[in-house]
Amino acid sequence: MLFQLRTDNHIKNHERLADGIRADVEAGLTSHFTDRLQRVEVYLQDLNSHKGGVDKRCAIEAHVAGHQPVAVSNEAPTVDEAVSGAIEKLLRALEHTLGRLSDRGGRISMSGEPT
């Protein structure tokens, strides 16, 4: 899985930050998902710059093999909170997307025909 971290000009992108976020993403996703992911892109933004408040935004885009990318975002007062919230949202979105794909087999439609 390829991992990319991008930041705006108000957040310093350094190797320690990238390694920490990559570890958080890998820990938050089960092996069921990481095996199917080709690329994960994380975007960090400081929306209000020095003004403070709930101004950190983390957007994560996960590229699943053979499917459209799954994208989520979360805003919080700190980068860590924004990242952890986005990871939780990504996990739910992947469970929903990939779970629906695996549920298709063997189901019977309302007309009685197998799907």
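First things first, this report covers the structure right here in the doc. Given the structure is predicted, the values throughout are model-derived calculations rather than measurements. (Residues numbered from 1 in each chain as written. Predicted model: local features only at pLDDT ≥ 70, side-chain atom pairs only at ≥ 80, totals over all residues. Heavy atoms only, no water.)

### Here we look at the overall build of the protein
Phase 1 of the analysis: Looking only at helices and strands, the protein has 3 helices and 4 strands in total.
Phase 2 of the analysis: Listed by position from the N terminus, the elements making up the protein come as β-α-α-β-β-β-α.
Phase 3 of the analysis: Relative to its 115 residues, the protein shows a buried fraction of 31%.
Phase 4 of the analysis: Of all intrachain contacts in the protein linking residues separated by at least 6 positions in sequence, the fraction that spans at least 24 positions is 44%. (Helix = DSSP H or I, 4+ residues; strand = E, 2+ residues; numbered from the N terminus. Buried < 20%, exposed > 50% of the residue type's maximum accessible area, 1.4 Å probe, protein only. Contact = heavy atoms within 4.5 Å.)

### Considering the pattern of salt bridges
Any two side chains of opposite charge can pair if their charged atoms end up close together.
Phase 1 of the analysis: Evaluation of the coordinates by the stated rule reveals 5 salt bridges.
Phase 2 of the analysis: Here arginine 39 and glutamate 41 are joined by a salt bridge, their closest N and O atoms 2.6 Å apart.
Phase 3 of the analysis: Using a relative accessible area of 29% as the deciding quantity, one classes arginine 39 as partly exposed.
Phase 4 of the analysis: Among the salt bridges present, the one from aspartate 55 reaches lysine 56, with a minimum N-O distance of 3.3 Å.
Phase 5 of the analysis: Classification of lysine 56 as buried rests on a relative accessible area of 17%. (Salt bridge = Lys/Arg side-chain N within 4 Å of Asp/Glu carboxyl O.)

### A short note on the nonpolar core
Phase 1 of the analysis: Ile21, Val42, Leu44 and Ile60 are the most contacted members of the largest nonpolar core, which totals 28 residues.
Phase 2 of the analysis: Elements with a contribution of two residues or more to this core: β1 (2–7), α1 (15–28), β2 (37–46), β3 (56–64), β4 (70–76) and α3 (79–103).
Phase 3 of the analysis: Top element by residues in this core is α3. It accounts for 8 residues.
Phase 4 of the analysis: When near neighbours in sequence (up to four residues on either side) are disregarded, leucine 44 contacts Leu5, Arg6, Thr7, Asp8, Ile11, Leu17, Ile21, Arg57, Cys58, Val79 and Val83. (Core = buried A, V, L, I, M, F, W, Y, C linked by side-chain atoms within 4.5 Å.)

Shape is all these values report; function is a separate question.
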